[in-house]
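# Close look at the chain arrangement
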Amino acid sequence: MTEPQAIDRRTLLRAGGVLGAAGALGGAGAPAYGTTRPDHWLRPGDEGYAEAVAGFNTTVTRGPEAVVLARDARDVQKAVRYAGRHGLPVCVMATGHQASVSFEGGVLVSTAAMSGIQVDERSASVRVGPGAQWGPIAEATAPHGLAGLAGSSVSVGAVGYTLGGGLSPTFGRLHGYASDHVSRLEIVTADGELRVATPEREQDLFWAVRGGKGNFGIVTSLDFGLFDVRTLYAGAILYPAEAAADVLPAWRDWAAEVPESVTTSAAFVRIPPEAPLPEQVRGRLVVSVRVSFVGEATEGARIVEPLRGVAPVLLDGVEEMPFTDWGRIHSDPEGPIPAYERTGLLGGLPDRAIETMIALAGAGSDSPMALVEVRQLGGALGREPEVPSAVGHRDAAFTFFTIGVAPPEREEEVRAYADLLIGAMEPWSTGGAYVNFLSGDEADPADVRRAYDPQAYERLVSVKSEVDGQNMFRLTHNIPPR
Ligand SMILES: Cc1cc2nc3c(=O)[nH]c(=O)nc-3n(C[C@H](O)[C@H](O)[C@H](O)COP(=O)(O)OP(=O)(O)OC[C@H]3O[C@@H](n4cnc5c(N)ncnc54)[C@H](O)[C@@H]3O)c2cc1C
């Protein structure tokens, strides 16, 4: 396989507009950064700057003094060297899906245009650029009968997602975290060097980046394994929120017995009135039970059957589907959205925990939240991979996650309610968190620490101190060096 060069057409067109503007300003309008400045950069006020710093989650604000629109690893190296010379922090952004820190100053490296995807059918693997999103990746792998451990949303960036672990609602319990299947990565570290990390080379870095995320440098290409999956028996069954006391305990008991080929979650979801869904669910608070089974559809239907009888069903969307339709399991919003999130990990989901969720998020509650979700872990997610990584808390039983979508005037209310929910679930919390679900309200290093097992955290700090002692890559969920 060669370097990922191909850029998907839509991104290229979008980047073309931005790059065109940057080029036009390359002369008189350019600040005096010298001849070694990155080639494709924007300054505040430049055409395209506002678009380049905006991400999926609009609660994060980014005001870098320079944006680098990277097209390849060399652009990334130049940006990092430039930041190093000027003592500036660096933020990397592919899609802006994750709410971490808002900031002013520093350098933002946009990897959106580095969205190359190269499938190698022979080794059942793919090499992706740091701007590649799951939708195009699935479209590229499907003709080969192969699929990766995609996240719930088609527009999440595969690299950011995988470096945070990568918890897939498709077949995560069958094959573990996406990062468990990474075989090679290229990364530009704070010294501007492009390093290759594999299970044999740069072993500490290879361990740390898989789970430790954007703290160690900017990943410019990632290779990971694919699986022989063409179809899923998958989707969501929606019940009225009023049936939660019947649905949630039944789901939990059912989930405890299903094979690892079933990945599942349950959530209170407030369906927007304008959602492209049938009328009976639009504008309603529902309980959504999400299921994904890898195997024969008849076997999937047999496994799912008990769920269909636990309460009146508003909408049954669980069916055989091509893998490329997996986004229908969660039907995540397209964005951009102002989303406030909080998260934790649960050791179990006893009746009392379910009653608490129902009281605070169910029918008749005052909940302003758009989503209150538990995802079942276990299976391969609970086992160390062949090549260990920094991904922590493999013994947790469920993730707990809530999102409120709010304009600025309702921000206080939503944040306070998310806080209330997290506090109420505390008795069942392991104290840990899953790094990909950490939010802007959980970006303090003490919160980030929660995402790792104590020994792993110490090792992460050691690796960080070695490769980024000045903490250049701190504009993220940061692991500070010693
Ligand atoms: C709608 C939605 C659905 C989601 N579903 C899932 C899910 O099912 N499972 C799951 O595990 N997560 C899920 N997530 C969380 C998601 O995986 C994280 O937000 C992830 O960080 C997104 O990566 P990104 O590149 O798209 O985002 P960005 O916001 O662009 O990047 C987020 C962070 O990723 C790191 N990063 C990104 N690119 C690089 C790079 N090239 N080198 C080094 N670090 C980098 C940096 O730390 C950066 O701050 C979801 C998020 C949303 C908004």
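Residues take numbers from 1 onward in each chain, read along the sequence in its written order. Local features in this predicted model are restricted to residues whose pLDDT is 70 or higher, and side-chain atom pairs enter the listing and the counts only when it is 80 or higher, whereas totals over whole chains, interfaces and linings include all residues. The side-chain numbers reported here are obtained from all heavy atoms of the structure, hydrogens and water having been left aside.

### Re the site of the ligand
Put simply, the test is: Only a single heavy atom is needed: when it lies within 4 Å of a molecule or strand, its residue is near that molecule or strand. Pairs of N or O atoms are called polar contacts if they sit within 3.5 Å, as long as, within protein, a hydrogen donor faces a hydrogen acceptor (for residues adjacent in sequence, only side-chain-to-side-chain pairs). Computed with a 1.4 Å probe, the accessible areas rest on the Shrake-Rupley method; for each residue, only the protein chains presented here act as cover. Numbering goes from the N terminus for both helices and strands, where a helix is a DSSP run of H or I of at least four residues and a strand is a run of E of at least two. Amino acids outside the nonpolar list (Ala, Val, Leu, Ile, Met, Phe, Trp, Tyr, Cys, Pro) and the charged list (Asp, Glu, Lys, Arg) are all regarded as polar, and Gly is one of them. What fixes the domain bounds is an automatic or database domain assignment.
Taken together, 32 residues form the shell around the ligand, and within it Ala 94, Thr 95, Gly 157, Lys 213 and Tyr 434 come nearest. For the ligand, a nitrogen atom lies 2.9 Å from a polar atom in the backbone of Val 219. Within the side chain of Arg 375, one N or O atom sits 2.9 Å away from an oxygen atom of the ligand. Relative to its unbound accessible area of 950 Å², the ligand is 95% covered by the protein chains. Only strand E4 (90–93), helix H5 (158–163) and strand E11 (218–225) provide two or more residues apiece to the shell around the ligand. For the shell around the ligand, the element with the highest residue contribution is H5, accounting for 4 residues. Partitioned by chemical class, the residues of the shell around the ligand number 15 nonpolar, 14 polar and 3 charged. Shared between two domains, the shell around the ligand holds at least three residues of each, these being domain 1 (124–228) and domain 2 (231–443).

### A short note on the domain arrangement of the chain
Selection rule: By the convention used here, residues are in contact when the closest approach between their heavy atoms is within 4.5 Å. Defined here as a combined quantity, buried area equals the accessible surface (1.4 Å probe) lost by two parts on assembly, summed across both.
In terms of domains, the chain is made up of domain 1 (124–228) and domain 2 (231–443). Put simply, the middle of domain 1 and the middle of domain 2, counted by C-alpha atoms, are 24 Å apart. On the domain 2 side, the residues contacting the 38 residues of domain 1 number 35 residues. Summed over both sides, the interface of domain 1 with domain 2 buries roughly 3100 Å², with 61% coming from carbon and sulfur. Contact with domain 2 buries area across many residues of domain 1, yet Leu 167, Arg 173 and Tyr 177 alone supply 30% of it, more than any other trio.

### Some words on the environment of Trp 207
Tracing the chain through its elements places Trp 207 in helix H7 (residues 203–212). Separated by 181 residues in the primary sequence, Trp 207 and Pro 388 have C-alpha atoms spaced 6.5 Å apart. Other than its neighbours up to four places away in sequence, Trp 207 contacts Pro 388, Ser 389, Ala 390, Ala 456, Arg 459 and Leu 460. A distance of 3.1 Å separates the side chain of Trp 207 from the backbone oxygen of Ser 389, its partner in a polar contact.

### Focus on the pairing of strand E19 (residues 398–405)
Keep this limit in mind: Only protein chains enter the accessibility calculation, which uses a 1.4 Å probe; a residue whose area is less than 20% of its type maximum is buried, one above 50% is exposed, and one in between is partly exposed. Only when DSSP finds a minimum of two bridges between them are two strands counted as paired.
Burial analysis of E19 places 7 of its 8 residues in the buried class, the great majority of the element. Examined bridge by bridge, strand E17 (residues 339–346) and E19 share 8 bridges and lie antiparallel to one another. Residue Glu 341 lies in a different strand from E19, and its bridge partner there is Ile 403. Pairing geometry for strand E18 (residues 371–376) and E19, over 6 bridges, is antiparallel. Counterpart to Leu 371 in the pairing with E19 is Ile 403.

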